[in-house]
Amino acid sequence: MGKADFLSPKAISNRIKAKGLQKLRWYCQMCQKQCRDENGFKCHCMSESHQRQLLLASENPTKFMDYFSDEFKSDFLELLRRRFGTKRVHNNIVYNEYISHREHIHMNSTQWETLTDFTKWLGREGFCKVDETPKGWYIQYIDRDPETIRRQEEQARKKKQELDDEERSARMIEEQVRKGREGKGTDETPVYTELKRESEEEKVAFNLGACSAVAGPSKSSSVLGASALKAASSSSSTSVKRKDSSSDSRGGEKKKKSALEEIIEMEKKKQQQQQPVRTDYWLQPNIIVKVITKRLGEKYHKKKAVIMEVRDKYTAVVKMIDSGDKLKLDQNHLETVIPAPGKRVLILNGPYRDMEALLEGIDEKNFSAELTLDSGPQKGKRVDIAYEDFSKLA
């Protein structure tokens, strides 16, 4: 009986059956032939081509087993690398995807009897990270590609360079702050100097309309003639000038000293009235803050932390609330946290610095909050404090 026509239903059915996966017990790895039923597999085993393959394998069985084992290992790792990368995955999931291909190498023709043995071998040889769980064995591919290693080293170098730049900028800021403090310490008290004139003839005065009469009475008299009115005006102006000059010469020094003393007294009064003035640092231990810098990655960005220690007034050692990691950050990389009404806060700047308070309400229009002082001599007093001048207590 001849073969069925190519487009006949039986031929199409045979092609469909041959296309999919068949039973493993009817597959011959030596000949790489898949049979559809037991009768077909029996006929194949009795065929001359199969017998020839068995004779070749019997001459050097180790060679064929090593070849199939190497092919199985290479295809399995290639699928793991391309499909899952360096992710941790169950070994059975990878194996099911591997055997879904019709032309794959079967495990019963390799040196490994079970998938567990193969998984353990991958871990021992260093191809994968292997760990056993109650759900089974998990594997994670170790990428040893030179290009991947070079890329990882480049990323690590860039990250280290960014951290170095950040530390360098922080060190420069600390140096500038230190120099500013030293300069502020030396120039803390203002030095006032007296107004000295090079010659006694110089005079600072505002004479409106009297300059001509004062400057040269002889010239005006010679040109216009001497009149009683002009003589009187000139004499009165000269007398006023003489009185002013005499009073300036006698009491000039006393007047300058009194003005200097008044300025010093005004400065002292201002310093006494201002109490704790605003400063450019606000960090305090045991308060909750939020990390606002993006240089540390999404793991820490917009996450809350507790200040454990304050160093040099502008740097804080914080402990992340979520992960528990400890970081050293500048105050420019942090911001205050506003809690819900009824929570306790600590005032960080202004005249009520270092005082604990109770949050009563929030004024969103003015970016401030109403606080009730809970410590100090003004306990119970209600004050309005800006958002950046207080933070939630830990």
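Up top is the structure these notes are about.
Residues numbered from 1 in each chain as written. Predicted model: local features only at pLDDT ≥ 70, side-chain atom pairs only at ≥ 80, totals over all residues. Heavy atoms only, no water.

> In this structure, what is going on with the overall build of the chain? I would like to understand it.
Helix and strand content of the chain: 10 helices and 15 strands. Across the 394 residues in the chain, those meeting the buried criterion constitute 26%. Within the chain, contacts between residues separated by at least 24 positions form 46% of all contacts whose residues are at least 6 apart in sequence. A total accessible area of about 28400 Å² is found for the chain, and carbon and sulfur atoms account for 52% of it. (Helix = DSSP H or I, 4+ residues; strand = E, 2+ residues; numbered from the N terminus. Buried < 20%, exposed > 50% of the residue type's maximum accessible area, 1.4 Å probe, protein only. Contact = heavy atoms within 4.5 Å. Areas by Shrake-Rupley, 256 points an atom, 1.4 Å probe, with all protein chains shown as cover.)

> Quick question: what am I supposed to make of the pattern of salt bridges here?
A side chain with one charge may pair with a side chain of the opposite charge, provided their charged atoms come close. Taken as a whole and judged by the stated rule, the model has 14 salt bridges. Between arginine 157 and glutamate 154 there is a salt bridge, with its nearest N and O atoms 2.5 Å apart. Of the two residues, arginine 157 and glutamate 154 are both situated in helix H7 (residues 146–186); the distance of 3 residues between them amounts to about one turn of the helix. Accessibility expressed as a relative area gives 44% for arginine 157, which makes it partly exposed. What makes glutamate 154 partly exposed here is its relative accessible area of 28%. Among the charged side chains, a salt-bridge network with shared partners connects Glu78, Arg81 and Arg82. (Salt bridge = Lys/Arg side-chain N within 4 Å of Asp/Glu carboxyl O.)

> When you look at the nonpolar core in this model, what are you seeing that I'm missing?
Ranked by internal contacts, the top residues of the largest apolar core, which has 21 residues, are Phe72, Phe76, Leu80, Val94 and Phe118. Contributing elements (two or more residues each) for this core: helix H4 (61–84), helix H5 (91–99), helix H6 (115–125) and strand S5 (136–141). Sorting elements by how many residues they give to this core places H4 first, with 7 residues. Leucine 80 has contacts with Gly85, Val89, Val94, Cys128, Ile139 and Tyr141, leaving out every residue within four places of it along the chain. (Core = buried A, V, L, I, M, F, W, Y, C linked by side-chain atoms within 4.5 Å.)

> Help me understand the sheet that holds strand S15 (residues 390–392) in this model?
If you walk across this open sheet you meet the 5 strands as S14-S13-S12-S11-S15, and the pairing is antiparallel. Across the chains shown, the open sheet's two edge strands, defined by having one partner strand only, are strand S14 (382–386) and S15. Taking the axes of each pair of neighbouring strands and ignoring which way they run, one obtains an average angle of 45° across the sheet. Bridge count for strand S11 (residues 344–347) against strand S12 (residues 356–363) is 3 bridges, and the pairing is antiparallel. Bridging from a neighbouring strand, arginine 344 pairs with leucine 358 of S12. (Pairing = 2+ DSSP bridges. Axes fitted to C-alpha atoms, helices over the stretch in contact; angles between N-to-C directions.)

> Whenever I open this one, H4 confuses me. Can you help?
An α-helical turn contains 3.6 residues, so any two residues separated by three or four positions project in the same direction. Helix length check: H4, at 24 residues, gives a terminal C-alpha distance of 34 Å against a target of 34 Å (1.5 Å per residue), a fit within 8%. What H4 keeps buried is the set Phe68, Ser69, Phe72, Lys73, Phe76, Leu77, Leu79, Leu80 and Phe84. Looking at the packing, one finds that the buried side of H4 touches strand S3 (88–90), H5, H6, strand S4 (128–133) and S5. Glycine 85 lies just past H4 and shows a positive phi near 65°. (Expected span 1.5 Å × (residues − 1).)

> Whenever I open this one, the packing of aromatic side chains confuses me. Can you help?
The description of an aromatic ring pair rests on the distance of the ring centres and on the angle between the ring planes. Per the counting criterion, the structure on display carries 13 aromatic pairs. Ring geometry for phenylalanine 367 against tyrosine 387: centres 6.2 Å apart, planes inclined by 90°, an arrangement best described as edge-to-face. Within this pair, whereas phenylalanine 367 is found in the loop between S12 and strand S13 (368–373), its partner tyrosine 387 is found in the loop between S14 and S15, the two being separated by 20 residues in sequence. Judged by its relative accessible area of 18%, tyrosine 387 falls in the buried class. By the ring-pair criterion, three or more aromatic residues cluster together here, those being Phe72, Phe76, Tyr98, Trp112, Phe118, Trp121 and Phe127. One residue, arginine 83, lies across the ring of phenylalanine 84, its end atom 4.7 Å from the ring centre. Taking the ring centre of tyrosine 138 as reference, the NZ or CZ of arginine 88 above it sits at 4.2 Å. (Phe/Tyr/Trp six-rings, centres within 6.5 Å; stacked < 30°, edge-to-face > 60°. Lys NZ or Arg CZ within 6 Å of the ring centre and 35° of its normal.)

> Would you explain the environment of glycine 123 in this entry?
Within the element layout of this structure, glycine 123 appears in helix H6. The partly exposed category is assigned to glycine 123, whose relative accessible area is 32%. For the pair glycine 123 and glutamine 140, spaced 17 residues apart in the sequence, the C-alpha separation amounts to 9.4 Å. In this structure, glycine 123 is in contact with Cys128 and Val130, ignoring residues within four places of it in sequence.

> In this structure, what is going on with the pairing of S5? I would like to understand it.
Regular strands have side chains that alternate between both faces of the sheet. The buried fraction of S5 is high, at 5 of 6 residues. Of the pairings in the sheet, the one linking S3 to S5 comprises 3 bridges and is antiparallel in character. Its bridge partner being in S5, arginine 88 is matched across the sheet by glutamine 140. Both S4 and S5 contribute to a ladder of 6 bridges, which runs antiparallel. Looking across to S5, one finds that glutamate 132 is bridged to tryptophan 137. Connecting S4 to the next strand, S5, in antiparallel fashion are 2 residues.

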